[in-house]
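Reading the structure
One letter stands for each residue in the lines below.
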Amino acid sequence: MKIKKILIANRGEIAIRIIRTAKQMKIRTVVVRAAVEPNAMYLEYADEIYDYSEELPEIPVFLDIEKIIEIALNTGADAIHPGYGFLAENAYFANKCLENKLIFIGPDPDSIYKMGNKTIARKIALANGIPVASGSEGNISNIEEAITLADKIGYPVIIKAASGGGGRGMRIVRKAEDMEKFFIIASKEAEKAFKDPSVFIERYIENPKHIEFQILGDKFGNVIHLGERECSIQRKHQKLLEEAPSSALNSDLRQKMGATAVKIAKAVDYYSAGTVEFLLDSDNNFYFMEMNTRIQVEHPVTELVTGIDLIQQQIQIANGNTLNIKQEDINLKGWAIECRINAEDVQAGFAPDPGKIENLSMPAGPDIRVDTGITVGSSIISSYDSMIAKLIVKGKDRKDAIKNCKMALDKVWIKGTKTTLPFFRMLVRNQKFLEGTFTTAFIEKDIEKYYLNSEYEEMLAAWLATKMFVEENLEENSIQVDFENGKEMSPWLMNKRMNQF
Amino acid sequence: MDISGKSYKAFLKRQEALKKQYSEKQAEKQHSKGKLTAQERINLLFDPGTFEEIDTFVTPADQPVEFGKVERTYGDGVIVGYGKVNGRLIFAYAQDFTIMGGSLGAVHSQKIAKIQEMALKMGSPIIGMMDSGGARIQEGVASLSGYASIFQNIIHSSGIIPQISVIMGPAAGGAVYSPALTDFVFMVNHTSYMFVTGPNVVREVLNEEVTFDELGGAKVHACKSGVAHMIYDDEENTIMALKKFLTYLPSNNVENPPFVPEDNSTPDINDKLRDIVPDDPNKPYDVKDVINLIVDRNSFFETAELYAPNIVTGLARIKGKTIGIVANQPKVLAGVLDIDSSTKGARFIRFCDAFNIPIITLEDVPGFLPGVDQEHAGIIRNGAKLLFAYSEATVPRITVILRKAYGGAFIVMNCKKLGGDFSFAWPTAEIAVMGPDGAVAILYRKELAESSNPAELKKELVKKYRDKIANPFIADESGYIDEVIDPAVTRKKIISALQALSNKWVKVPSRKHGNMPL
Amino acid sequence: MSTLQIKKLYTLSSENRKFCFTLPLRNKIRIGKRDYVVSLKSDEKYGTYILWKNRKYPVEIIRSRQNSYEILFNDISYTFTVETPFSMKRMKVLNATKKKVEQESVKAPMPGKLIDVCVREGAVVQRGEPVVILEAMKMQNEIQSPVSGTVTRILVKPNANVMKDDLLVEIKVD
């Protein structure tokens with residue numbers, strides 16, 4: 001192996017996840033201690049810590065390209081793993097790594113750039129005969145152009161940020177009157193989030209399923225896919241629960257979509273792990289949406305059904321090894337479900353609820369995997385995402401996986417912040433979810449209540465409120481007041497006080 | 001005595017007549033307005049069976065009055081008496097709206113004055129529950145002079161026994177000054193009003209339309225005027241809160257406040273305190289989070305919560321002993337001192353000082369609020385009240401500087417040279433003449449003007465200023481504060497300091513009274 | 001003199017469900033014909049919890065104010081007001097005379113930084129229309145108008161840091 005030491009330009013559970021594989025591969029790891037969470041859990045796992053907690057930078061260190069490169073060089077790391085988020089899909093950063101003779105554990109900067117810019121990605125897809133939703137050729141420069149085009153392709157349309165991802169800078173427009181307002185919001189948001197205000201327009205596919213394919217490619221042009229992930233359970237484009245495989249696909253469709261995914265990856269000479277996202281409509285038509293050129297949050301579900309360690313593959317590919325798996329070796333076994341347990345207030349529309357974790361206990365077992373970077377005493381801080389843990393559960397089929405998931409959810413114990421647990425407890429009992437017929441509109445349209453409370457829970461809570469009220473106000477001895485005590489004092493004070501009056 | 005005898009029968013007859021006077025119908029009328037009767041209020045306040053009414057049968061004289069007619073009723077529309085609240089002697093009066101609208105006549109006022117004088121003699125707190133239409137017009141000047149005697153008694157007792165008013169109905173005209181003179185005013189939302197001139201007069205004189213609630217409802221007085229300190233949604237909650245509030249207060253100014261044994265469930269060292277103040281000096285946080293971790297669990301009773309929320313005042317306990325809290329609230333207006341917050345703080349400090357309640361100050365204040373409004377409305381003279389109140393207070397005074405302590409506000413907020421006993425600072429404290437931005441702009445005006453990149457230079461200088469000057473270590477090393485402490489040990493430090501100060505005595509120069517800048 | 005002993009308490013949820021408890025409060029809850037013991041416990045590992053029918057439920061008293069309690073029970077928050085028979089009656093009396101809400105205020109649902117104010121004073125807004133955009137935890141959140149009406153007051157400026165429950169915008173209901 002050329003790679004002896006990896007700098008992990010990330011934090012939280014993904015840093016720990018990367019360290020785990022690196023340890024197995026006998027590669028040393030370096031992580032960065034940031035001022036905002038100097039006692040974070042991931043720091044305990046790494047072989048080396050670069051202390052950057054003295055500084056309180058304006059941008060998180062994980063986004064500071066110069067600093068990350070400097071740290072890598074100073075600590076003698078020969079490779080950088082960006083994890084997800086932060087610099088994971090920054091072509092400039094990937095290029096900087098190469099310039100400094102550092103191995104970037106991810107694809108070529110050029111692939112990142114092409115797939116990162118959605119208008120370019122769209123053009124590549126069109127050129128390769130890959131189905132995409134009808135829409136603008138390139139970026140849209142003004143509102144008039146947007147309205148003309150939308151009239152042509154028909155409402156509803158979706159405005160997307162060219163450099164976007166993760167749902168930011170996206171707006172659905174249902175009628176021409178709203179175009180102006182949403183166009184401005186979307187480009188403002190895009191400017192703010194990606195420093196690029198350009199947006200484009202596509203026909204909005206109503207009620208699709210979000211299906212994505214995990215692919216792996218090496219530097220020698222070999223590309224395979226590892227099957228799909230079902231990610232339709234999302235809210236405002238933020239995924240909440242992912243499955244592998246998807247109940248919407250049969251082996252024909254899987255093969256067809258998988259081949260398309262491989263094709264688009266090959267079109268940009270893709271290597272490393274990547275994800276090709278599709279929208280699948282109710283008639284089983286699929287449309288290329290975008291490609292994520294990094295390891296995904298939800299990669300564990302694929303790992304559980306394929307038995308392949310994706311981080312290991314990423315490292316080997318970056319090292320220059322040939323892909324050691326062939327397409328025919330891939331064989332999906334069982335069913336996996338991942339619940340993203342976030343510090344969010346489900347009742348307040350999934351608003352982030354930062355705070356300090358006071359108690360934490362996660363289930364364990366042969367069918368359960370927990371990826372987390374949080375422990376008792378950790379703080380969920382507003383500078384980072386709100387993830388507490390990923391609960392990944394396996395079963396022999398979907399029904400079995402859901403059953404295991406239900407049991408595992410009841411064993412999760414988190415105190416200190418509100419979490420998405422009540423949502424999942426509801427979800428695993430929801431008819432439509434059990435049937436597998438849900439689409440991306442599920443949360444917004446198909447459910448009335450985002451959370452589950454069993455019949456007697458509210459009554460028990462009411463009992464507690466009443467108990468508090470009684471203790472505070474009505475109990476004879478609720479406050480034991482010792483009035484006599486106030487009369488006793490040292491003669492020193494007593495005499496002086498008496499003499500004053 | 002023969003219970004079938006003539007004298008006993010006469011006794012029974014009178015009792016019967018009294019019962020009739022407080023008929024179900026009257027009570028029902030009161031309930032239909034969402035109010036309780038005077039008896040019910042008294043019953044809620046006092047421990048069961050401990051209330052002794054006096055002057056039950058006092059009746060207004062049957063003599064011609066200047067105008068109209070006075071109903072001849074037993075008690076003349078006010079219940080006065082004494083009893084035990086949580087086991088301690090408390091005096092009280094409760095006006096009865098069902099009798100002549102609770103209006104205050106000569107006999108009515110004499111009863112109140114009598115109980116006030118008794119309370120002062122015994123050194124016991126007095127509660128006034130008000131529900132009155134005002135001065136009894138029929139009795140003219142006699143009722144006005146009745147008010148005067150009540151006011152005079154309140155002022156006599158002020159600072160000697162705690163006096164609390166509970167407004168449970170209207171209080172208009174001269175009647176409003178009786179609560180205004182007392183230490184704390186409780187009001188009930190929607191059913192109590194206070195104003196000097198009512199909506200009708202406002203309409204006639206100024207042609208302004210205003211409702212009772214808008215002019216003098218509980219919310220208005222709690223948020224805007226600051227007349228009401230505590231407001232509640234109904235009378236039962238008001239009285240329950242009042243009972244709780246009384247457990248913090250001593251019976252008089254000679255005694256110390258009562259002691260409530262603590263269950264030791266509050267940790268003396270709590271590292272959660274380290275996480276509250278954000279690293280970014282411009283980010284707000286809720287100072288009540290700090291308070292709740294420092295005082296005994298669930299013991300913080302906030303006063304005047306809705307008025308000038310940029311300063312937080314309230315009573316609490318530490319190791320079972322009552323303390324007063326004065327804290328800047330960074331969450332509101334960055335915790336700046338303005339006219340309202342200065343007077344709110346000053347009045348609270350004087351109350352604590354009068355009743356031997358140690359004062360804990362939590363400081364995070366960027367300074368006084370600048371602006372034409374504030375200057376013209378007299379921030380100088382109003383800010384001076386807070387300064388005066390702190391400096392004058394002889395009770396134990398402890399300050400913890402959480403973050404900002406800049407300029408005049410640092411001096412005012414109980415600094416050591418103002419007689420503060422202990423001054424602690426968290427490592428996040430910034431003690432200096434002014435904030436980094438302002439200071440750099442003055443100190444490096446020339447350099448900044450000449451610089452090719454003033455923004456960058458300023459950033460650099462601000463950072464330097466923060467590192468070199470705006471920190472607690474200089475003040476610590478020169479003795480202007482006592483110690484820079486780990487936030488986690490704040491409660492422990494305060495406990496030790498309070499123990500050390502428990503016998504504090506300061507000889508005050510003999511004088512009639514100081515001349516506070518009112 | 002009539003005494004006023006409280007024999008019953010009504011605990012009302014924010015969704016107007018009513019639970020009645022007799023005093024003194026028992027640590028049992030009756031379901032059908034059986035009583036089940038409910039107890040409030042606390043330990044190092046689990047923190048505070050309620051034990052009922054052999055199952056532990058995490059609980060937290062988020063805040064209490066006067067007779068109002070916000071309780072987090074098994075990760076779901078409930079707001080209750082505890083009322084006595086008299087205060088229940090009073091509520092009914094006052095509700096009958098209370099006017100409709102005319103002014104609606106938009107408050108910050110979470111602490112964060114204000115990115116944009118999408119409306120101006122005097123603007124007419126529809127229910128659900130975004131009024132401000134608040135950034136918290138890398139997420140931009142549209143804060144939507146809870147009512148249709150006219151914006152009467154804007155209390156914040158872009159780039160301001162706001163706390164949870166800070167007043168942002170006031171809207172006069174149509």
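Residues numbered from 1 in each chain as written. Chains lettered and ligands numbered in written order. Predicted model: local features only at pLDDT ≥ 70, side-chain atom pairs only at ≥ 80, totals over all residues.

As for the overall build of chain C
This is how it is decided: Each helix corresponds to a stretch of at least 4 residues labelled H or I by DSSP, and each strand to a stretch of at least 2 residues labelled E; elements are numbered beginning at the N terminus. Buried residues are those with 20 or more other C-beta atoms within 10 Å of their own C-beta, exposed residues have 12 or fewer, and partly exposed residues lie in between; C-beta atoms are placed from the backbone.
Within chain C, the secondary structure is distributed over 1 helix and 16 strands. When the backbone C-alpha atoms are referred to their principal axes, chain C occupies close to 60 × 50 × 30 Å. Burial statistics for chain C: of 174 residues in total, 30% are counted as buried.

Observations regarding the nonpolar core
Where we set the bar: Defined on buried residues, the nonpolar core groups Ala, Val, Leu, Ile, Met, Phe, Trp, Tyr and Cys residues joined through C-beta atoms within 7 Å. Here, residue contact means that the backbone-derived C-beta atoms of the two residues sit within 7 Å.
Core analysis: the biggest nonpolar cluster contains 124 residues, and Ala-92, Val-166, Ile-167, Phe-186, Met-187, Ile-349 and Ile-401 of chain B have the highest contact counts within it. Looking at this core, the element that brings in the most residues is strand S14 (residues 397-406) of chain B, giving 6 residues. The residues contacting Phe-186 of chain B, other than those within four sequence positions of it, are Ile-164, Val-166, Ile-167, Met-230, Thr-238 and Leu-242 of chain B. In this structure, Leu-7, Ile-71, Ile-103 and Met-291 of chain A belong to the second largest nonpolar core, which totals 97 residues.

As for unusual backbone geometry
Residue and element names in this part refer to chain A. Geometrically, the link from Tyr-155 to Pro-156 is a cis peptide bond, its omega value of 0° lying close to zero. You can see Pro-156 is positioned in the loop between helix H6 (143-153) and strand S6 (157-161). Phi angles above zero are rare outside glycine, and Phe-86 is one such case at about 40°. Of note, Phe-86 is situated in the loop between strand S4 (79-81) and helix H3 (91-99).

Points about helix H4 (residues 106-122) of chain B
Residue and element names in this part refer to chain B. Using the following cut-off: For a helix, the expected span equals 1.5 Å multiplied by the number of residues minus one.
With 17 residues, H4 should cover 24 Å at 1.5 Å per step; its first-to-last C-alpha distance of 25 Å lies within 8% of that length. Along H4, the positions that sit buried rather than exposed are Ala-106, Val-107, His-108, Ser-109, Lys-111, Ile-112, Ile-115, Gln-116 and Ala-119. Taken from the residues just after H4, Gly-123 is the one with a positive phi, measuring 65°.

Comments concerning the sheet that holds strand S7 (residues 184-188) of chain B
Residue and element names in this part refer to chain B. Threshold: Strand pairing is assigned whenever DSSP identifies at least 2 bridges connecting the two strands. A fitted line through C-alpha atoms serves as each axis, taken over the contacting stretch for helices, and the angle formed by two N-to-C directions is quoted from 0 to 180°.
The 7 strands are arranged S1-S2-S3-S4-S5-S7-S9 in an open sheet whose pairing can be described as mixed. Only two strands of the sheet have a single partner each, and these edge strands are strand S1 (52-54) and strand S9 (230-232). With direction set aside, neighbouring strand axes in the sheet form an average angle of 20°. Alignment of S7 against S9, held across 3 bridges, turns out to be parallel. Directly across from Met-187, in S9, lies its bridge partner Ile-231.

Describing the interface of chain C and chain B
As a reminder of what qualifies: Here the nonpolar group is Ala, Val, Leu, Ile, Met, Phe, Trp, Tyr, Cys and Pro; Asp, Glu, Lys and Arg are the charged ones; every other residue, Gly included, is treated as polar.
Counting residues at the interface gives 15 residues for chain C, matched by 20 residues for chain B. Ranked by residues supplied to the side of chain C that touches chain B, first place goes to helix H1 (residues 85-97) of chain C with 6 residues. Within the side of chain C that touches chain B, the residues separate by chemical class into 6 nonpolar, 7 polar and 2 charged.

Concerning the packing of H6 of chain A against helix H7 (residues 176-194) of chain A
Residue and element names in this part refer to chain A. Note the threshold: These descriptions rest on fixed angle ranges, namely under 35 degrees for roughly parallel, over 145 for roughly antiparallel, 65 to 115 for roughly perpendicular, and the rest for oblique. For any helix crossing, the convention is left-handed if the near helix is rotated counterclockwise from the far helix by under a right angle, and right-handed if that rotation is clockwise.
Packing of H6 against H7 brings their axes to within 10 Å, and their N-to-C directions diverge by 140°. In terms of orientation, H6 and H7 fall into the oblique class. By crossing handedness, the relation of H6 to H7 is classed as right-handed. Counted together, Ile-143, Ala-146, Ile-147 and Ala-150 of H6 and Ala-176, Met-179, Glu-180 and Phe-183 of H7 form the full contact between these two elements. Broken down by class, the residue content of the contact of H6 with H7 amounts to 7 nonpolar, no polar and 1 charged.

Quick notes on the domain arrangement of chain B
All names here are of chain B. We apply this condition: As annotated, the domain borders come from an automatic or database domain assignment.
For chain B, the assigned domains read domain 1 (9-246), domain 2 (271-435 + 470-501) and domain 3 (436-469). For domain 1 versus domain 2, the distance between C-alpha centres works out to 36 Å. Domain 1 puts 11 residues into the contact, and the matching count from domain 2 is 11 residues. If you list the elements that add at least two residues to the side of domain 1 that touches domain 2, you get helix H9 (218-225) and helix H10 (235-246). When the residues that make up the side of domain 1 that touches domain 2 are grouped by side-chain class, the tally is 6 nonpolar, 3 polar and 2 charged.

Side note on the interface of chain C and chain A
At the junction of the two partners, chain C supplies 45 residues and chain A supplies 37 residues. A class-by-class count of the residues in the side of chain C that touches chain A yields 30 nonpolar, 9 polar and 6 charged.

Overview of the packing of helix H3 (residues 38-45) of chain B against H10 of chain B
All names here are of chain B. Where H3 meets H10, the axes come as close as 9 Å, and the angle between the chain directions of the two elements is 35°. By crossing handedness, the relation of H3 to H10 is classed as right-handed. Residues Arg-41, Leu-44 and Leu-45 of H3 touch H10, and the partners they reach there are Glu-235, Glu-236, Ile-239 and Lys-243. Broken down by class, the residue content of the contact of H3 with H10 amounts to 3 nonpolar, no polar and 4 charged.

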